[in-house]
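# Residue-level structural notes
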Amino acid sequence: MKIIAIAGGSGAGKSTLTYELIDHHPNIFEVLHLDDYQKLRTESGLPRVKEVINFDHPDIINWSDMIRDIKALSKKQSVCIFTWGNRPDIDNSSITKRFERTMNPKEILIIDGYLSLWNSKLRPSYDRKYFLELTETERLKRRTKFLYSEYKNDVLIPMHNKYIEPTKNYADLIFDSNELSPAQIYTKVINDLQEKKLCKISADI
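What comes next concerns the included structure. Keep in mind it's a predicted model, so treat the numbers as computed, not measured.

In terms of burial, strand 2 (residues 29-33) is a largely internal element, five of the five residues being buried. The alternating pattern of strand 2 places Phe-29, Val-31 and His-33 on one face and Glu-30 and Leu-32 on the opposite face, and all of these are buried. Of the strand pairs in this sheet, strand 2 and strand 7 (residues 108-112) are connected by five bridges, and their pairing is parallel. Note on strand 7: the bridge partner recorded for Val-31 is Ile-110.

So, about the side chain of Asp-56. You can see Asp-56 is positioned in the loop between strand 4 (52-53) and helix 2 (63-74). Separated by 2.7 Å, the side chains of Asp-56 and Tyr-151 make a polar contact. Apart from the residues lying within four places of it in its own chain, the contact partners of Asp-56 are Tyr-114, Leu-115, Arg-143, Tyr-151, Val-155, Leu-156 and Met-159.

Leu-32, Ile-61, Met-66, Ile-70, Leu-109, Ile-111 and Leu-115 are the most contacted members of the largest nonpolar core, which totals 35 residues. Elements represented by at least two residues in this core include exactly strand 1 (2-8), helix 2, strand 5 (79-83), strand 7 and helix 4 (151-164). Looking at which element gives the most residues to this core, the answer is helix 2, with six residues. If sequence neighbours within four positions are ignored, Ile-61 has contacts with Leu-34, Tyr-37, Gln-38, Lys-39, Tyr-114 and Leu-115. Among the nonpolar cores identified, the runner-up in size contains 24 residues, and Ile-4, Ile-28, Val-31 and Ile-190 belong to it.

Every buried residue of helix 1 (residues 14-24) is listed here: Lys-14, Ser-15, Leu-17, Thr-18, Tyr-19, Leu-21 and Ile-22. In this fold, the buried residues of helix 1 make contact with strand 1, strand 2, strand 7, strand 8 (128-133) and helix 5 (182-195).

A rise of 1.5 Å per residue sets the reference length of helix 2, with its twelve residues, at 16 Å; its end C-alpha atoms lie 16 Å apart and thus fit the reference within 8%. Residues of helix 2 that are buried include every one of Trp-63, Met-66, Ile-67, Asp-69, Ile-70, Ala-72 and Leu-73, and no others. Summarising the contacts, the buried residues of helix 2 are in contact with strand 1, strand 2, strand 5, strand 6 (99-103) and strand 7. At the C-terminal side of helix 2, Lys-76 shows a positive phi close to 65°.

A side chain with one charge can pair with a side chain of the opposite charge if their charged atoms come near. Counted according to the given criterion, the structure contains ten salt bridges. Among the salt bridges present, the one from Arg-101 reaches Glu-30, with a minimum N-O distance of 2.9 Å. Separated by 71 residues along the polypeptide, Arg-101 in strand 6 and Glu-30 in strand 2 bring together distant segments of the chain. For Arg-101, a relative accessible area of 31% translates into the label partly exposed. Between Arg-68 and Asp-69 there is a salt bridge, and its shortest N-O distance comes to 3.1 Å. When its relative accessible area of 5% is taken as the criterion, Asp-69 is described as buried. Through salt bridges with shared partners, one network takes in Arg-128, Lys-129, Asp-172 and Asp-192.

Let's shift gears to the pairing of strand 7. The buried fraction of strand 7 is high, at five of five residues. Here strand 7 shows two buried faces, one formed by Ile-108, Ile-110 and Asp-112 and the other by Leu-109 and Ile-111. Two strands pair when backbone bridges link them, and strand 1 and strand 7 are joined in this way by five bridges, in the parallel orientation. Considered in strand 7, the bridge of Ile-4 is made with Ile-110.

The rules behind each value
- Residues numbered from 1 in each chain as written.
- Predicted model: local features only at pLDDT ≥ 70, side-chain atom pairs only at ≥ 80, totals over all residues.
- Heavy atoms only, no water.
- Buried < 20%, exposed > 50% of the residue type's maximum accessible area, 1.4 Å probe, protein only.
- Helix = DSSP H or I, 4+ residues; strand = E, 2+ residues; numbered from the N terminus.
- Pairing = 2+ DSSP bridges.
- Polar contact = N/O pair within 3.5 Å; in protein donor to acceptor, adjacent residues only side chain to side chain.
- Contact = heavy atoms within 4.5 Å.
- Core = buried A, V, L, I, M, F, W, Y, C linked by side-chain atoms within 4.5 Å.
- Expected span 1.5 Å × (residues − 1).
- Salt bridge = Lys/Arg side-chain N within 4 Å of Asp/Glu carboxyl O.

Listed below in structure tokens is the structure:
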């Protein structure tokens with residue numbers, strides 16, 4: 001199994017790209033979302049800002065569980081995860097808790113998430129690393145849900161600048177979501193995977 005990472009800030013188009021890949025090649029791609037490994041609100045020691053849980057800090061992710069599941073899939077073992085359902089084209093506002101989903105290993109596993117290039121234990125396992133770039137103005141425009149009115153200034157922007165933006169230095173390719181459409185980025189990723197001999201699939205959509 002090959003593993004690729006799709007990283008970038010909130011609203012940059014990570015999940016849109018992920019599902020372009022999955023929808024056109026469902027037998028090739030599977031995905032693990034970082035959001036599905038966020039610690040529960042009831043757990044102790046969660047990162048906080050102004051007594052509010054900081055969901056944009058690396059410590060909010062249960063990295064050990066994610067690494068465990070990636071290792072199992074790499075060994076061709078199925079894993080059971082609890083997911084929020086991260087499809088960008090579906091309204092998930094009515095989903096109040098994670099639902100169970102069994103994942104089977106496929107040819108390529110996508111690690112989708114804002115911090116997917118942050119963890120130094122994960123990076124060596126990636127066969128290809130992509131970062132989607134978007135201006136701060138557009139990122140804030142696309143993210144409409146905040147825990148409180150100043151969350152974007154207190155948390156989202158500083159966390160992005162400290163933990164997400166620097167990780168583009170680890171990327172093999174950086175795509176500008178301001179200039180490229182989702183279809184164009186999808187095509188570039190497929191062409192790159194073919195060039196690196198990680199898959200044999202068409203970029204036609």
